[in-house]
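Working through the structure, step by step
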Protein chains: 2
Amino acid sequence: LIACQDRHTIENDLPSWNNNENSQRLFQFISDVSSKNNKLYVAPKDRIAVFDNDGTLWSEQPAYFQLFFAMDRVRALAETSPELKAKWLEQQPYKAVLENDMKALAASGEKGLIELVMASHTGNDSATSDEYADIVTQWVKTAKHPSTGKAYTHMVFQPMLELLTLLREKDFKVYIVSGGGVDFIRPWAEQVYGVEPENVIGSSVKLEYEYRNGNPVILRRPKLNFINDKAGKPIAIHQHIGKRPILAFGNSDGDLQMLQWTDANKLPHLSAYIHHTDAEREWAYDQDSHIGQLKQGLAQAAKQNWLVVDMKKDWRNIYPDGQSQ
Amino acid sequence: LIACQDRHTIENDLPSWNNNENSQRLFQFISDVSSKNNKLYVAPKDRIAVFDNDGTLWSEQPAYFQLFFAMDRVRALAETSPELKAKWLEQQPYKAVLENDMKALAASGEKGLIELVMASHTGNDSATSDEYADIVTQWVKTAKHPSTGKAYTHMVFQPMLELLTLLREKDFKVYIVSGGGVDFIRPWAEQVYGVEPENVIGSSVKLEYEYRNGNPVILRRPKLNFINDKAGKPIAIHQHIGKRPILAFGNSDGDLQMLQWTDANKLPHLSAYIHHTDAEREWAYDQDSHIGQLKQGLAQAAKQNWLVVDMKKDWRNIYPDGQSQ
Ligand SMILES: [Ca+2]
Ligand SMILES: [Ca+2]
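Because the structure is a prediction, the values reported are computed rather than measured.

Our next topic: unusual backbone geometry. A cis geometry characterises the amide bond from A:Gln92 onward to A:Pro93, with omega recorded as 0 degrees. Residue placement: A:Pro93 occurs in the loop between helix H4 (82-88) and helix H5 (94-98). In this structure, the amide linkage connecting B:Gln61 to the following residue, B:Pro62, adopts the cis form with an omega of 0 degrees. Its location among the elements puts B:Pro62 in the loop between strand S1 (48-51) and helix H3 (65-80). Even without being glycine, B:Asn100 reaches a positive phi, approximately 55 degrees.

This next bit is on the nonpolar core. Membership of the largest hydrophobic core comes to 98 residues, with the highest contact counts inside it found for B:Phe51, B:Met160, B:Leu163, B:Tyr193 and B:Phe249. It is H3(B) that contributes the most residues to this core, 9 residues altogether. For B:Tyr193, the contacting residues outside a window of four places in its chain are B:Asn53, B:Leu57, B:Trp58, B:Val156, B:Leu161, B:Leu164, B:Arg168, B:Ile176 and B:Trp188. Grouped together as the second largest cluster of nonpolar side chains are 97 residues, A:Leu14, A:Phe27, A:Val156 and B:Val177 included.

Let's shift gears to the relation of the copies chain A and chain B. When chain A is brought onto chain B, the operation consists of a screw motion whose angular component is 180 degrees and whose axial shift is 0.0 Å, with 0.0 Å RMSD remaining. Taken together, the rotation angle and the small translation identify this as a two-fold axis. Closest approach to the rotation axis among the C-alpha atoms of chain A is made by A:His240, whose C-alpha sits 3.5 Å away. A share of 100% of the interface residues of chain A reappears at the interface of chain B, consistent with the copies meeting face to face through the same patch.

We now examine the coordination of the calcium ion (ligand 2). All names here are of chain B. Protein-derived ligands of the calcium ion (ligand 2) are Asp-52 (OD), Asp-54 (O) and Asn-251 (OD1), with the metal-ligand distances lying across 2.2 to 2.3 Å. One chain supplies every donor for the calcium ion (ligand 2), spaced along it as D-x1-D-x196-N. Pair check on accessibility: Asp-52 and Asp-54 agree, each one buried.

To continue, consider the coordination of the calcium ion (ligand 1). All names here are of chain A. Every protein donor of the calcium ion (ligand 1) is listed here as Asp-52 (OD), Asp-54 (O) and Asn-251 (OD1), and their distances to the metal cover 2.2 to 2.3 Å. Given the relative accessible area of 5%, Asp-52 is considered buried. A relative accessible area of 2% means that Asn-251 is categorised as buried.

Bringing the environment of A:Val308 into the picture now. All names here are of chain A. Examined against the element boundaries, Val-308 turns out to sit in strand S7 (residues 307-310). Of the residues examined, Val-308 reaches a relative accessible area of 24% and is grouped as partly exposed. For the pair Val-308 and Asn-12, spaced 296 residues apart in the sequence, the C-alpha separation amounts to 22 Å. With residues near it in sequence (within four places) discarded, Val-308 still touches Asn-22, Tyr-273, His-275, Leu-298, Ala-301 and Asp-314.

Our next topic: the sheet that holds strand S1 (residues 48-51) of chain A. All names here are of chain A. Spatial strand order, S4-S3-S2-S1-S5-S6-S7: 7 strands in an open sheet with mixed pairing. With partners counted over all chains shown, the strands left at the sheet margins are strand S4 (215-226) and S7, one partner each. Taking the axes of each pair of neighbouring strands and ignoring which way they run, one obtains an average angle of 30 degrees across the sheet. Contacting strand S5 (247-250), strand S6 (270-275) and S7, helix H2 (residues 21-33) crosses the sheet at an angle of about 130 degrees to S7.

All names here are of chain A. Summed over all chains, the structure comprises 1 cavity of 30 Å³ or more. In this model, the largest cavity occupies a volume close to 40 Å³. In terms of lining residues, the largest cavity is bounded by Asn-53, Asp-54, Trp-58, Gln-66, Ser-178, Gly-180, Phe-184 and Ile-185. Where the lining of the largest cavity is concerned, the elements lending two or more residues are strand S2 (173-181) and helix H10 (182-193). By residue class, the composition of the lining of the largest cavity is 3 nonpolar, 4 polar and 1 charged.

Right, let's get into the interface of chain A and chain B. Of the residues lining the interface, 39 residues belong to chain A; the matching set on chain B comes to 40 residues. The junction of chain A with chain B conceals about 3,200 Å² of combined surface from both sides, 53% of it contributed by carbon and sulfur atoms. At the surface where chain A touches chain B, the tally comes to 10 salt bridges. A salt bridge links A:Lys243 to B:Glu198; its shortest N-O distance comes to 3.1 Å. Across the chain A-chain B interface, the total number found is 26 residue pairs in polar contact (both at pLDDT 80 or more). Counting residues per element, the ones that place at least two in the side of chain A that touches chain B are helix H8 (129-142), S2, H10, strand S3 (200-212), S4, helix H11 (232-240) and helix H12 (256-263) of chain A. In the side of chain A that touches chain B, the residues fall into 17 nonpolar, 11 polar and 11 charged.

A complete count under the given rule lists 37 salt bridges over all chains for this structure. A salt bridge links A:Lys233 to A:Asp255, with the nearest nitrogen and oxygen atoms 2.7 Å apart. A residue pair is termed long-range when its members are at least 10 positions apart, and A:Lys233 in helix H11 and A:Asp255 in the loop between S5 and H12 qualify at 22 residues. Residue classification places A:Lys233 among the buried residues on the basis of a relative accessible area of 1%. Residue A:Asp255 is classed as buried on the basis of its relative accessible area, which comes to 1%. Two residues, A:Lys243 and B:Glu196, come together in a salt bridge whose shortest N-O distance is 3.5 Å. One end of the pair, A:Lys243, is in the loop between H11 and S5; the other, B:Glu196, is in the loop between helix H10 (182-193) and strand S3 (200-212), on a second chain.

Attention shifts here to the packing of aromatic side chains. With the rule as written, the count across this model stands at 37 aromatic pairs over all chains. For the ring pair A:Phe157 and A:Tyr319, a centre distance of 6.2 Å and an interplane angle of 15 degrees mean the geometry is stacked. Note that A:Phe157 is positioned in the loop between H8 and helix H9 (158-169) and A:Tyr319 in the segment after helix H14 (311-314), a separation of 162 residues in sequence. Side by side, A:Phe157 and A:Tyr319 carry an identical accessibility label, which is buried. Feature note: the residues A:Trp58, A:Phe65, A:Phe68, A:Phe69, A:Tyr132, A:Trp139, A:Tyr152, A:Phe184, A:Trp188 and A:Tyr193 constitute an aromatic cluster, connected by ring pairs. The ring of B:Tyr132 has B:Arg220 sitting right over it, with the charged end atom 3.8 Å from the ring centre.

Another aspect to go through is a positive patch on the surface. A contiguous patch of positive charge on the surface is contributed by A:Lys206, A:Lys223, B:Lys206 and B:Lys223. By secondary structure assignment, the location of B:Lys223 is in strand S4 (residues 215-226). Judged by relative accessible area, which is 52%, B:Lys223 ranks as exposed.

Conventions adopted
Residues numbered from 1 in each chain as written. Chains lettered and ligands numbered in written order. Predicted model: local features only at pLDDT ≥ 70, side-chain atom pairs only at ≥ 80, totals over all residues. Heavy atoms only, no water. Helix = DSSP H or I, 4+ residues; strand = E, 2+ residues; numbered from the N terminus. Core = buried A, V, L, I, M, F, W, Y, C linked by side-chain atoms within 4.5 Å. Buried < 20%, exposed > 50% of the residue type's maximum accessible area, 1.4 Å probe, protein only. Contact = heavy atoms within 4.5 Å. Least-squares fit on C-alpha atoms with pLDDT ≥ 70 in both. Donors = N, O, S within 2.8 Å, 3.2 Å for Na, K, Ca; no water. Pairing = 2+ DSSP bridges. Axes fitted to C-alpha atoms, helices over the stretch in contact; angles between N-to-C directions. 1 Å grid on protein atoms, 1.4 Å probe; cavity = no way out; pocket = protein on both sides within 12 Å on 5 of 7 lines; lining within 4 Å. Points joined across faces, edges and corners; volume = space filled by probe spheres on them. Nonpolar A, V, L, I, M, F, W, Y, C, P; charged D, E, K, R; others polar. Buried area = accessible area lost by both parts, 1.4 Å probe. Salt bridge = Lys/Arg side-chain N within 4 Å of Asp/Glu carboxyl O. Polar contact = N/O pair within 3.5 Å; in protein donor to acceptor, adjacent residues only side chain to side chain. Phe/Tyr/Trp six-rings, centres within 6.5 Å; stacked < 30°, edge-to-face > 60°. Lys NZ or Arg CZ within 6 Å of the ring centre and 35° of its normal. Patch = residues over 30% accessible without salt bridge, like charges linked within 9 Å, V, L, I, M, F, W, Y side chains within 5 Å. Areas by Shrake-Rupley, 256 points an atom, 1.4 Å probe, with all protein chains shown as cover. Lys, Arg positive; Asp, Glu negative; His and termini not counted. Charge placed at Lys NZ, Arg CZ, Asp CG, Glu CD.

Below is the structure:
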C-alpha cells in the first residue's frame, strides 16, 4: 500500500521551483487531472501538453539561438569556397554575418533573417535531411553562446526540465510547438528535453523526395513551407495532434493563439506564460522587446486568469548547472 | 518465470492468417526486432510502423469510401437548401451525384472528384474542425456500402487488425499514412483500429484560425493543403515523425515511395504489399485497376524481396464478421 501512494511533492519533483502560489497551482493542476477519483480527471490519451521552445524551454537572447546557428553555418560555408565567400562579401545579409556586423544584420530585417536561415539550412545548394541533422548535431556539440560562453543546450531552463519529467511520469504526452525549425530542434530534443522527434512540431522548409540510384533521400529546399507562429500554432497542433492540449506554456504574443486554443478545451486545462523578469540571472523583457515580445498575451492572461510564471520570483535555479548567465 | 515467457504464436496472435511462409516471415520480423538479445533488435522508440489505409486496412472498391462520404454529404447539403440543389443540378460533378450517375461522375475526372471532396469536407461555406468531426462520426455510424450493405467500418481487414494489436503489444508505434483526408480518418480510427488521432497522417485542406467572440475555432477551407500520396508519403513521414519506419504496408503504386523509404532504413526493416487477389471474398485487382493500381510496386517488390501478402492464399478471414463481401 505504501508503494502505491503518490509520493509526488513540489519539493521532490520541482526542486528548482519556489514553493509558492504559482508552483502550487501548476502542481495541483497536474495532480488533479491525473488522479482517477478527482472530478478534474483526464484520461492519459487526452493529457496533451504543448511547449513553445525559444524563451519557454531555453533562453532566446540576444537573438534566437537558431540565428546563431545560421550565422555559424554561413561562416563555415564561406570557408569552403572562395567564390562563395567573395560573392557573399558583396551581398547582405551574408556580408553582415561574415563581418560580424550585428547592426547591418538587424537592418536586413525579417526578410534578411529568413534568407539567412534558409541558406544555412539547406546549404549552398541543398542538403539531405540526414546531412542537415548531422550538421545541427555537430553545431550543438561545439558552439558556445556569445555572452554566457555556455553550450546552447546548457541554457535550457532547469525548472522546465523538472516539469517535463513530472508530466511524463504523470502520463502526459509532451510536445514542443516552436516557431523554430522542426529539423533544427529534433536532433537534440530527445537528449536534452526527453522529447522524441515525432513530438516536435515546428516551422519547416519545402522538402523533395528523390530516389538516387536506389538510395532514397529527402532534400531540403530553400523555400518556406510553414511558419509555426501565432495562428499557425493551433493550426499545426490540429494538423499534427488532432486534439486540443490541456496544458500549454509560451512566453510571447506568438503563443497567444496556442494558449487561447488550449483555454477553450472542454476538458480541464491550464494556459501559462513564462514572464522573463530576471535581468540578473537571465534577461528581463516583455512588451518592448525585439524578441519574444509579450504584450497582448499578458493582458489576456490577466483577464482570463492564466498562470504567469515570474522567473525571478518563482524559479530557484535557471540553468541546469545552477549558474546564471 | 513462466509468466515472463513470450507466448506469442501465429495461431494465438494472427488467427486470421494462414500459417505459411508469408505469415512466418512477418511474425519472425516482429519477434526479432522486439527481442532484446536478437541481433536484429530495435529499441522501442524506433519501432515505427506505417500503414496505408485504403486497400491496406480496409477495402476501397468500387470507389474510395471517402468518395461515398462526399457523395452522401453533397446529397445531404442539397436537401438543406433548394437554391443550392437547383444550382448543383446544373453543375458537374454535383449533378452526377444528385442523379446517381456514376458514369458522368467518373467523366468529371480527378479534378471533379477533388472538387466534390472539398465541397463535402468544408460544407457549403466552411465547417469548423469540430463540426466536420461530428459529420464524419455521424456518417460512419449510419452509412452502408452500396454492394455489401455493411457499415464501412465493418469492411476493415481482420488480419490487419490482429497485426496492429500484435505490433502494439510489441511496443511498436503504429501510424496510418493515408492519401485520404486526415480529418476524415481520425474520428473513427481510434475505435476501429486503435490508432489515436496524433498517429494519423493524411491529406489535408487549408485551415484558418478564428477567435470568434472569445471562442477560438479552426475553419476548414475548400482548398488543398497537402496530398499525401506517392513522394508525399515519405515527406509527410519525415515532417510528422522525423524517423524512418522499420515496417511499412501499402497496396498500390501510391505507396511505392513510402516502401522505398522504409527499405532504406539502416535499422532492420520490412516493406510489404497487400495484393488484392480474392475476387470471391473481396476484390481482385492490380496493374489495370482504376483504383489502387499496383504495377511498378509489384516489380520493385519482386526485385527487392519485399513481402507480398496474397489475400486469397494468406488470409483465413477478410472482415471482422467472418463474412466476405
Ligand atoms: Ca517563444
Ligand atoms: Ca491504398
